[in-house]
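So you can see what is in the structure, the chains are spelled out below.
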Protein chains: 2
Amino acid sequence: MNKYRTHNCGQLRLDDVSSSVTLSGWVDIVREFGALTFVDLRDRYGITQLVFDSQKDVEIFNTARKLGREFVIQATGTVRERTNKNPNRETGEIEIEVDSLNILNISKTPPFTITDVTDGGDDLRMKYRFLDLRRSPVQNNLFFRSRVALEVRKYLSDLDFVEVETPFLIKSTPEGARDFVVPSRLNPGQFYALPQSPQTFKQLLMVSGFDKYFQIVKCFRDEDLRADRQPEFTQIDCEMSFVTQDEILDTFEGLTVHLFNEVLGIHLDTFPRMTYDDAMAYYGVDKPDLRFDMKIQNLNQLKGHGFSVFDSSEFVGGLILETGGESFSNKDINELTEWVKRPQIGAAGLAYIKFNVDGSIKSSIGKFYSDEFLQNLKNDFSLKDGDIFFILSGETEKTLRQLGELRLELGNRFGLRDPKVFKPLWVIDFPLLEWDDTTQRFYAMHHPFTSPKKDDIHKMSDTDLNVLKSLRADAYDLVLNGVEIGGGSIRIFDRDLQARNFNLLGFTPEKAEEQFGFLMSAFEYGAPPHGGIAFGFDRLCSVMNGQNSIRDFIAFPKNNQGKDMMIDAPASIEQDQLKELAIKLDS
Amino acid sequence: MNKYRTHNCGQLRLDDVSSSVTLSGWVDIVREFGALTFVDLRDRYGITQLVFDSQKDVEIFNTARKLGREFVIQATGTVRERTNKNPNRETGEIEIEVDSLNILNISKTPPFTITDVTDGGDDLRMKYRFLDLRRSPVQNNLFFRSRVALEVRKYLSDLDFVEVETPFLIKSTPEGARDFVVPSRLNPGQFYALPQSPQTFKQLLMVSGFDKYFQIVKCFRDEDLRADRQPEFTQIDCEMSFVTQDEILDTFEGLTVHLFNEVLGIHLDTFPRMTYDDAMAYYGVDKPDLRFDMKIQNLNQLKGHGFSVFDSSEFVGGLILETGGESFSNKDINELTEWVKRPQIGAAGLAYIKFNVDGSIKSSIGKFYSDEFLQNLKNDFSLKDGDIFFILSGETEKTLRQLGELRLELGNRFGLRDPKVFKPLWVIDFPLLEWDDTTQRFYAMHHPFTSPKKDDIHKMSDTDLNVLKSLRADAYDLVLNGVEIGGGSIRIFDRDLQARNFNLLGFTPEKAEEQFGFLMSAFEYGAPPHGGIAFGFDRLCSVMNGQNSIRDFIAFPKNNQGKDMMIDAPASIEQDQLKELAIKLDS
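Here the residue index of a chain counts from 1 through its sequence in written order. Going through the entries in the order they are written, you letter the chains from A and number the ligands from 1. For a predicted model such as this one, the threshold for reporting local features is a pLDDT of at least 70, and the threshold for listing and counting side-chain atom pairs is 80 or more; totals across whole chains, interfaces and linings nevertheless cover every residue. Only hydrogens and water are set aside; all other atoms, that is, all heavy atoms of the structure, feed into the side-chain values.

### Some thoughts on the sheet that holds strand β11 (residues 273-275) of chain B
Residues and elements named next belong to chain B. What counts here: Only strands that DSSP links by at least two bridges are regarded as paired with each other. Under the scheme used here, helices are H or I runs from DSSP no shorter than 4 residues and strands are E runs no shorter than 2 residues, and both carry numbers assigned from the N terminus. Contacts were defined at the residue level, with two residues in contact if any of their heavy atoms lie within 4.5 Å. The convention used is that axes are lines fitted to C-alpha atoms, helices contributing only their stretch in contact, and that angles between N-to-C directions extend from 0 to 180 degrees.
Read across the open sheet, the 8 strands follow the order β6-β9-β10-β22-β21-β20-β17-β11; overall the sheet is mixed. Each edge of the sheet is formed by a strand with only one pairing partner; in this case those strands are β6 (162-163) and β11. Relative to strand β22 (residues 530-536), strand β21 (residues 483-490) is paired through 5 bridges, and the arrangement is antiparallel. When the sheet's bridge partners are listed, Ile 490 is paired in β22 with Gly 531. Contacts from helix α4 (residues 136-158) reach β6, β9 (212-220) and β10 (232-241), with the element oriented near 150° to β9. Running over the sheet, helix α5 (residues 199-207) touches β9, β10 and β22 and is turned about 20° from β10.

### What about the interface of chain B and chain A?
Quick reminder of the rule: When two parts are put together, the accessible area they lose, computed with a 1.4 Å probe and summed over both, is reported as buried area. A pair is scored as a salt bridge if a Lys or Arg side-chain nitrogen falls within 4 Å of a carboxyl oxygen belonging to Asp or Glu. A 3.5 Å cut-off defines polar contacts: any pair of N or O atoms within that distance qualifies, except that in protein one atom must be a possible hydrogen donor and the other a possible acceptor, and neighbouring residues in sequence count only when both atoms are side-chain atoms. Throughout, the ten residues Ala, Val, Leu, Ile, Met, Phe, Trp, Tyr, Cys and Pro are labelled nonpolar, Asp, Glu, Lys and Arg are labelled charged, and all others, Gly among them, are labelled polar.
Counting residues at the interface gives 124 residues for chain B, matched by 124 residues for chain A. Of the roughly 11200 Å² buried at the junction of chain B and chain A (both faces included), carbon and sulfur atoms supply 60%. Together, B:Glu165, B:Phe242 and B:Tyr525 form the three largest contributors to the area buried by chain B at its contact with chain A, with a combined 8%. Counting the contacts that link chain B with chain A gives 18 salt bridges. B:Glu165 is paired through a salt bridge with A:Arg145; the nearest N and O atoms lie 2.8 Å apart. Linking chain B with chain A are 65 residue pairs in polar contact (both at pLDDT 80 or more), by the criterion used here. Here the side of chain B that touches chain A is built from residues that sort into 64 nonpolar, 26 polar and 34 charged. Summarising the sheet, strand β23 (residues 583-585) of chain A and strand β23 (residues 583-585) of chain B pair through 3 bridges and their orientation is antiparallel. Bridging from a neighbouring strand, A:Leu585 pairs with B:Ile583 of β23(B).

### Description of the pattern of salt bridges
Residue and element names in this part refer to chain A. The criterion, for reference: The classification of residues rests on relative accessible area computed with a 1.4 Å probe and restricted to protein chains. Under 20% of the type maximum is buried, over 50% is exposed, and intermediate values are partly exposed.
In total, this model carries 100 salt bridges over all chains according to the counting rule given. Between Glu 239 and Arg 491 there is a salt bridge, and its shortest N-O distance comes to 2.7 Å. You can see Glu 239 sitting in strand β10 (residues 232-241) and its partner Arg 491 sitting in the loop between β21 (483-490) and α13 (495-504), a full 252 residues away along the chain. Residue Glu 239 shares its accessibility class with Arg 491, and that shared class is buried. For the salt bridge of Arg 417 with Asp 289, the shortest nitrogen-to-oxygen distance reads 2.7 Å. Here Arg 417 is found in the loop between α11 (396-413) and β17 (424-428), whereas its partner Asp 289 is found in the loop between α7 (276-283) and β12 (297-298), with 128 residues between them in sequence. Among the residues examined, Arg 417 registers a relative accessible area of 22% and is labelled partly exposed. Through salt bridges that share partners, Asp 122, Arg 125, Arg 129, Asp 132 and Arg 135 make up one connected network.

### Examining the relation of the copies chain B and chain A
Each of the two copies of the chain can be brought onto the other by a rotation about an axis and a shift along it. We count it as follows: In this comparison the copies share one frame, found by least squares on the C-alpha atoms of residues holding pLDDT of at least 70 in both.
Of the transformation placing chain B onto chain A, the axial shift is 0.0 Å and the rotation is 180°, giving an RMSD of 0.0 Å. Considering both components of the superposition, the chain copies are consistent with a two-fold axis. With an isologous cut-off of 70% or more, the 100% of interface residues of chain B that recur at the interface of chain A puts this contact in the isologous class.

### With respect to unusual backbone geometry
In the segment running from A:Ala569 into A:Pro570, the intervening peptide bond is cis, with an omega of 0°. By the secondary structure assignment, A:Pro570 is in the loop between α15 (537-544) and α16 (575-580). In this model, A:Ser382 sits at a positive phi of 50°, which is unusual for a non-glycine residue. Examined against the element boundaries, A:Ser382 turns out to sit in the loop between α10 (371-380) and β16 (388-394). Under the relative-accessibility criterion, A:Ser382 is labelled exposed at 58%. The phi dihedral of B:Ala582 is positive, around 60°, even though this residue is not glycine. With respect to the helices and strands, the residue B:Ala582 is situated in the loop between α16 (575-580) and β23.

Take a look at the structure:
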């Protein structure tokens, strides 16, 4: 059988002039100019202009005129130089004078335009995802993803990492997020679970002596879907033996630097390392966006001057907005005040001190402080004319979080979060445990296999809640532009320490044995010290592109109800299937 | 914190003598020689000998003597040249004189020995898979797998293939094998299914213009597990647009040649291409093992000589065993006769004609044929002295299959299936449909999306079963040493043809729409001609190593009941979980 094409639609150049070629692709647009008809033929690689001349072959000319958008055609002809070149297109110096045309498939009019900026709404594009995927920006996202995945594999393989596939049909563990489960037909009444991560398996591989493991792997969480969460998502999952935390950070900093360099041509400097405590104190969040400074300032000195709101607060803190002398109106301040009062932020109000360019001071709390006091404040914090102090107060942790949110909002409003700038950092020394007021128990901040810091192990037997809350772990996150793109820890590799940690997390010894007996057992047969990290691959791809939505980097994403609108899943299944699986609907 | 090691256990050489080094790993063996104790320290990279000298440090010496097998230790010392070199070990010219020893973890005595040939039974090794994975042969299998996967990705990426991840939570389709299903909590009463393959998604990606797609991906089939089947398995899944069958075969022949060359250093010649009909006629199977010739011979000329068994048979066929003059006893023949009479083969008996080296002829059917007839037979088939004709008869298709099985058995018994020899071939022109007598309907031989051969399309409207059975498809398998390692087809890309094919397969239009409406709809918007292939990745790895079991190339396989003996999955889940999922056990 003859080939469908000799070249793709992005390939031909001036050098090919006079060659006889065959192209196949989609009709992007048909333009008629009297005796000539031009067709832009499109495929993944580019667009090539076809010319049909009524003088030459009126039958083909007439066929070409009737081609619809998205028809699939095959055209054979001769490459010639264009008189009217298109410098914006790689094939823009040539065109094909067509002498044979074959319609391979017709197309109905698509429900939205196949253009970079489309007129299709979200729902429509989800239902016709196969057409949305025909658009260049969406295709490019997935080509990008494929390149990043390949570079990850090459880089880690060069460092002796082995990619090992871990199983998808595993055991349900009630700890953590909800599992998706899979009824077993061969074992009636029993269920597999889909993995939330390959955590225990990669640790077992370390016990097996694999030394350096990685896997790019789908993981599953049955969560109530918030915006931009997906029930299935992809991790770059890694683990190493006989390593210190520093060696892990160095290795995966190297990987990140490599990816930016190789795929984006962007050089990243050495990543700063910041403790969790510092991140919370200075940025009010464990994933600071370092594209702009604006640290949280301790303003407890404002207490004790008669302003009862501050005086009764555990903490008063502020953010310095450098306006560079640009005017900041009362309206702007009112907007920000409304913003911090939204329930998502939950502040009672927003105080401010505005150091005007004319030297005057305007403040919502001015009456409580002398001009001298405020001038001193200006000097203490090296403020310039035009700068504004935004101030919140209340319970320390809550206020820091609110200031952290306000900081990001100011960053957004004042263009301080440039999507083309990348500022990574490591946040280290995370707490081991997280107290939950509702259930009155501790949860693992990272996961139950994370090692406490060596110097903190002795505190694990303490009964004082505050001592337990102060336990620090060898746990770390890789943060990029305010987004956590990876997280990991040094793991416990001692059976007794693991048992003590399970105990702190409220597992009875029986429950720990039932859920993780295989891991505890593995620790008895020569487990090496080990640790690792997992990157959110979908997230990494979107952040590397300065984008917010992971959905745009997933070929066939689900909507917020966990539905695939295109294939209409989930769906009901046959009674026979249920019967075979020994389950019934509970309606 | 100090590093756990400066080198791994396979790294040090004579050049490193006098260096101070730190190694970490597992105690492989402890050998005591009076004042000296030797410890073989093992990790993934090799084994290095440690020496402990009682004259130097009696405390460390005493600790070393008490080290148990599989203890995890860290040793610091000086590299020195060995007096007694071990040429079989890459580090065999040096040893480490240890001056600091740190026991990182102890180990119970493993339930089986961590040696290349172990004393552990299957069940024990499955339960303690993390220890079985510590054995070199098992580790090497998985390192091999990782290398092959990386080479696949590099090779296909260099050819502009894009790796795209398709979803795992999809829709159940009753066609084909049973699906594993996943109850949806957010959509009570509805279920996702785990994919048996990404077939429809990769076709949609072609409609989307991705042009060349691949994915190394887990697939799931809820089958009654036979030996060496796994409920989850891995495919190298590929699809291309605007391609002919020949281009697909060339591309993936190229991939296979590359893998053998790159990973095994073995050069493969051009793969023969054989029709399904020829494969069945000459080898009695659609996946012939070409490591040895021994084609099936048509012996219908033996009919009509008074031997009623042959005379009443549709087909008489034989296999020529070239003994090279070696004796083949009556006992051997009796064994083979019993073998073909086993229910798995189901022959009534085995006839033979033995052309002895002394020129005499011995045959179980000798009395029906003159010596002259048999001598002519010998000449017709160019038989040599010592050759034996094994003959079966009966219904054609059944007899061919039996001869195919006998051929492989003869190959096994006479060492004709060398695991170090690799003979790939393409089997092409498979039938489109497969008739099932029990359900009295057609099933798709490959799958419902496979295109009939162009010249056969007109037969699809025929009502004669035999005409329909004769329909040929653009479907092909890649066969290696009698094992199908890949299979694929050119796909239907026309909505009407797809509808006609669904009709032949017994789908009502409504059912076809419900199950595959999204694909049929996609075909209306400019679907390109396309086709593809999927390799069984587990199988490919085992065949490339001349091994039979895929289980040995899977890190955490399941047993024949679909159970993971190590983590004890599947297992029962909590009532709360069932309730949330809106299902009940049906016991």
